[in-house]
Amino acid sequence: PTQEVMTAEIKINLIAPAAGDRLVAEGRVEKPGRRLIVVTADVFAEQGEARKKIALLQGTMIPVDL
C-alpha cells in the first residue's frame, strides 16, 4: 500500500520581512513515528551572500495508508 501524510497541525512564526532575491526553506523530520510525525522548517531570505531567517515552521503529520 502507498502511504501519504495528512496535516494534523501546522504553526508558522513570521519573524522578519521576506526581503531578498530568493527564499530558501530547509525542512527536516524531528521525530518520525507510526501515528504522528513532527516536522520543522526554517525559511531564509537571501540577498547576494547575505542570509536572514524570516520564518519558523512546525507541523504534526499523520501517516495515512492509501
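Residues numbered from 1 in each chain as written. Predicted model: local features only at pLDDT ≥ 70, side-chain atom pairs only at ≥ 80, totals over all residues. Heavy atoms only, no water.

## Section: the sheet that holds strand β2 (residues 22-31)
If you trace the four strands from one edge of the open sheet to the other, you get β1-β4-β3-β2, paired in antiparallel fashion. With partners counted over all chains shown, the strands left at the sheet margins are β1 (3-14) and β2, one partner each. Strand-to-strand twist across the sheet, computed as the mean angle between neighbouring axes with direction ignored, equals 25 degrees. (Pairing = 2+ DSSP bridges. Helix = DSSP H or I, 4+ residues; strand = E, 2+ residues; numbered from the N terminus. Axes fitted to C-alpha atoms, helices over the stretch in contact; angles between N-to-C directions.)

## Points about a nonpolar patch on the surface
Side chains of Ile 10, Ile 12 and Leu 14 sit close together on the surface and give an oily, nonpolar patch of about 340 Å² of accessible area. Within the fold, Ile 10 resides in strand β1. Look at Ile 10 and you get exposed, because its relative accessible area is 52%. (Patch = residues over 30% accessible without salt bridge, like charges linked within 9 Å, V, L, I, M, F, W, Y side chains within 5 Å. Areas by Shrake-Rupley, 256 points an atom, 1.4 Å probe, with all protein chains shown as cover. Salt bridge = Lys/Arg side-chain N within 4 Å of Asp/Glu carboxyl O. Buried < 20%, exposed > 50% of the residue type's maximum accessible area, 1.4 Å probe, protein only.)

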